[in-house]
Amino acid sequence: MAVLPLYGAKVTFAYNTLIKAHASSSPSLAFSLFSNMRRAGVSPDHFTFPFVLKACSRLQMGQDLHSLIVKLGFDTNIYVQNALINFYGCCGSVHVAFNVFEEMLARDLVSWSSMIASLANNGLAQEALALFRQMQLDGDVKPDEVTMLSVVSAISNLGVLKLGMWIDAYISRNRLKLTVSLGTSLINMYSRCGSVDDSIRVFDKMPERNVLTWTALINGLAVHGRCREALKGFYEMRETDLRPDHITFTSVLVACSHGGLVDDGWKVFKSIKTEYGMEPTVEHYGCMVDLLGRAGKLHEAFEFIEKMPYKPNAIIWRTLLGACVNHNNLALAEEAKEKINQLEPHHDGDYVLLSNAYAEVGRYSEKTELRNSMQEKKISKKPGYSLLTVEEEIHEFVSGDSSHPESEEIRKLLVCIIDSLRVEGYTPHTSNVFHDIEEEEKEHSLSYHSEKLAVAFALLRFKDRRTIRIMKNVRTCRDCHDFLKHVSGKFDKEIVVRDRNRFHRFRNGTCSCHDYW
């Protein structure tokens, strides 16, 4: 690069302008310009570092810049400090970002927003909300749209509806404009908190919407089992001037899959290319495998995979494996598992799925062999856990665990609940439990699955008619699904469970998934 024909502050300004121009779109070039600047002996100023740090945050490099900033005396400049908070947050070094934040003598709106975003984006949702509350107590700055987007994101990750309603009311009370970005985030938040009706309410009052807004609503309806409404939303969006993107099509295909809408799914999938001139992605092909698999069209799904223009990944074969297990097609399940072994041989879920399939048809020797293979390869099953929020305190329940302070009371109540449900027709589904233990022990093993413990605790604590809301890290098993249906009918409770794949809303002895999951 030719030396810029400028001198002193002017050449610094010129470099800053160039670095700023490329920091987002071409971060490598921006960093090269900064390196050139240093080699040429041009002194950076407090405007230089925010731009360079922005580029470095995208490159996930440049931690040594901090020492240079201190050396040059810019470490107390608020603009540089804000940029450092954002940089460390983007690189996952939240503790360093917080140290910078704590050492600031003065903080502005960007300081607070950057730190809240760093916490929220690194899975520290509760800490992000705590800092937002501290920001309100300090009273020096008022949050803007950028701040609220991070707070809404944190609540989405927690999945606590009460907090979601609080932040929605806060936005209205402080007369923050319902922009496209903020409205879309609220739609997504309410969906993830288990209230898609509130998602619809926000959507309806938005003065302007874009494709992301429609996609958020369609996806929310899909994962809540309101699949026909999701499909209707897609066709309504097509009547506007908005063009669906790849994520929109994924959401619509998920709706078709969860609703068993095979013909509609095929129509949407083919339209990606024929009507919009786009190439379906591997995610779209995966959705179609899921759609066909759930519908029991296993051989059609297998042939579809074989004809894909992409090399099928482990997720696609795993999707077929799950469908084969659900429909008791062991031969095809074994073939799918073999394909997965070639790609991801140490995934615990695949072994568990296939061993459960063996148990369903009484092939216990193969199940034992598979479990022994897991032990030999040191593959352990991921423990299932459920989260339940009571008075803003999150309670965690792990399957088979007794570490909760009220464990003894919970277990006693759970035994009573199961005994009372037997009268209503509930029978524990024990086929997936190890065959070499007595039936009574199998039922005992099933009794302490995490969502059952969570429900028993909720019944112990909630004396009113409030909805029980549970978050799970794994798919709900068949026995727990049946148990929750019976509890909702027997105790006149609405139970909303957010598992790894979707939401289940249990009410009056039925589930929103219509047992199609």
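Residues numbered from 1 in each chain as written. Predicted model: local features only at pLDDT ≥ 70, side-chain atom pairs only at ≥ 80, totals over all residues. Heavy atoms only, no water.

As annotated in an unreviewed UniProt entry, the protein chain is DYW domain-containing protein from Manihot esculenta. What UniProt states about the protein chain under its Sequence similarities (unreviewed entry) heading is, verbatim, "Belongs to the PPR family. PCMP-H subfamily." (UniProt positions renumbered as here; feature names shortened; annotations may be inferred.)

Trainee: How should I be thinking about the environment of V474 in this particular structure?
Mentor: Along the chain, the position of V474 falls in the loop between β3 (468-472) and α26 (478-490). A relative accessible area of 19% places V474 in the buried class. Through-space distance from the C-alpha of V474 to that of K382 is 8.7 Å; in sequence the pair is 92 residues apart. Sequence-distant contacts of V474, defined by excluding residues within four places in its chain, comprise K382, G384, D499 and R500. (Helix = DSSP H or I, 4+ residues; strand = E, 2+ residues; numbered from the N terminus. Buried < 20%, exposed > 50% of the residue type's maximum accessible area, 1.4 Å probe, protein only. Contact = heavy atoms within 4.5 Å.)

Trainee: Got a minute to help me understand the pattern of salt bridges in this structure?
Mentor: Note on pairing: side chains with opposite charge can pair once their charged atoms come close. Per the counting criterion, the structure on display carries 22 salt bridges. A salt bridge links D515 to K485; the nearest nitrogen and oxygen atoms lie 3.0 Å apart. Residue D515 is found in the segment after β6 (510-511), and its partner K485 is found in helix α26; the two are separated by 30 residues along the sequence. When its relative accessible area of 44% is taken as the criterion, D515 is described as partly exposed. By relative accessible area, which is 15% here, K485 ends up buried. E494 is the partner of R507 in a salt bridge, and the nearest nitrogen-oxygen pair spans 2.6 Å. Placement of the pair is R507 in strand β5 (residues 503-507) and E494 in the loop between α26 and β4 (495-498), with a sequence separation of 13 residues. Exposure remark for R507: the relative accessible area of 43% places this residue in the partly exposed category. Three or more residues joined by partner-sharing salt bridges are found here, namely D168, D198 and R201. (Salt bridge = Lys/Arg side-chain N within 4 Å of Asp/Glu carboxyl O.)

Trainee: Explain the pairing of β3 here, please?
Mentor: The two faces of the sheet receive side chains in turn, since in a regular strand these alternate between them. Here β3 lies mainly inside the structure; four of its five residues are buried. In the sheet, strand β1 (residues 385-390) pairs with β3 via three bridges, with the strands oriented antiparallel. From the neighbouring strand, S386 faces β3, where its bridge partner is K472. Strand direction decides the pairing type here: β3 and β4, joined by four bridges, are parallel. Paired with I468 across the bridge in β4 is I495. (Pairing = 2+ DSSP bridges.)

Trainee: Any chance you could explain empty space enclosed by the protein here in plain terms?
Mentor: Space left empty within the atom packing is revealed by a probe, the size of a water molecule, rolled over the atoms. Tallied over the full model, the rule gives one cavity of 30 Å³ or more. For the largest cavity, the calculated volume is near 70 Å³. Together, E396, F397, V398, D401, S402, S403, H404, S407, I410, R411 and L453 line the largest cavity. Of all the secondary-structure elements, those providing two or more residues to the lining of the largest cavity are β2 (393-398) and α23 (407-423). Among the residues forming the lining of the largest cavity, the class breakdown is four nonpolar, four polar and three charged. (1 Å grid on protein atoms, 1.4 Å probe; cavity = no way out; pocket = protein on both sides within 12 Å on 5 of 7 lines; lining within 4 Å. Points joined across faces, edges and corners; volume = space filled by probe spheres on them. Nonpolar A, V, L, I, M, F, W, Y, C, P; charged D, E, K, R; others polar.)

Trainee: Would you mind showing me how to read the packing of aromatic side chains here?
Mentor: To describe a pair of aromatic rings, one takes the distance between the centres and the angle between the planes. Tallied over the entire structure, the rule returns 22 aromatic pairs. With a centroid separation of 6.0 Å and an interplanar angle of 65 degrees, the aromatic rings of F132 and W166 are classed as edge-to-face. Placement of F132 in helix α8 (residues 125-138) and of W166 in helix α10 (residues 161-173) is noted, with a sequence separation of 34 residues between them. F132 gets classed as buried once you look at its relative accessible area, which sits at 0%. Among the aromatic residues, ring-to-ring pairing joins W266, F269, Y285, F304 and Y310 into one connected group. Sitting above the plane of the W112 ring, R107 keeps its charged end 5.6 Å from the centroid. The aromatic ring of F203 is capped on one face by R209, whose charged end is 4.0 Å from the ring centroid. (Phe/Tyr/Trp six-rings, centres within 6.5 Å; stacked < 30°, edge-to-face > 60°. Lys NZ or Arg CZ within 6 Å of the ring centre and 35° of its normal.)

Trainee: For this particular structure, what's the right way to read unusual backbone geometry?
Mentor: Negative phi values dominate among residues other than glycine, just as trans dominates among peptide bonds. The phi dihedral of N508 falls on the positive side, at around 55 degrees, and the residue is not glycine. By relative accessible area, N508 is classed as exposed at 57%. For H514, which is not glycine, the phi torsion reads 55 degrees and is therefore positive. Of the residues examined, H514 reaches a relative accessible area of 68% and is grouped as exposed.

Trainee: Quick question: what am I supposed to make of the UniProt feature "repeat: PPR" (unreviewed entry) in the protein chain here?
Mentor: What UniProt calls "repeat: PPR" (unreviewed entry) maps, in this numbering, to residues 108-142 and 210-244. When the span residues 108-142 is considered, its composition is 77% helix and 0% strand, and the gap between its end C-alpha atoms is 10 Å. In residues 210-244, the share of helix is 71% and the share of strand is 0%. The end C-alpha atoms are 10 Å apart.

Trainee: Whenever I open this one, a negative patch on the surface confuses me. Can you help?
Mentor: Among the surface-exposed residues, E300, E303, E306 and E335 lie close enough to one another that they form a single negatively charged patch. For the negative patch, the element with the highest residue contribution is helix α18 (residues 298-306), accounting for three residues. Considering the arrangement of structural elements, one finds E306 in helix α18. (Patch = residues over 30% accessible without salt bridge, like charges linked within 9 Å, V, L, I, M, F, W, Y side chains within 5 Å. Areas by Shrake-Rupley, 256 points an atom, 1.4 Å probe, with all protein chains shown as cover. Lys, Arg positive; Asp, Glu negative; His and termini not counted. Charge placed at Lys NZ, Arg CZ, Asp CG, Glu CD.)

Trainee: Looking at this structure, I do not really get the side chain of T147. What am I missing?
Mentor: Relative to the helices and strands, T147 resides in helix α9 (residues 145-158). Here S113 takes part through its side chain, which lies 2.6 Å from a polar atom of the side chain of T147. In contact with T147, other than residues within four places in its own chain, are L109, S113, I116, F132 and M135. (Polar contact = N/O pair within 3.5 Å; in protein donor to acceptor, adjacent residues only side chain to side chain.)

Trainee: Before we go on, may I ask you to explain the sheet that holds β6 in this structure?
Mentor: Paired through their backbone hydrogen bonds, the strands of a sheet run either parallel or antiparallel. Taken in spatial order, the six strands of this open sheet run β2-β1-β3-β4-β5-β6, and their pairing is mixed. Looking at strand neighbours, the two that pair on one side only are β2 and β6, the edges of this open sheet.

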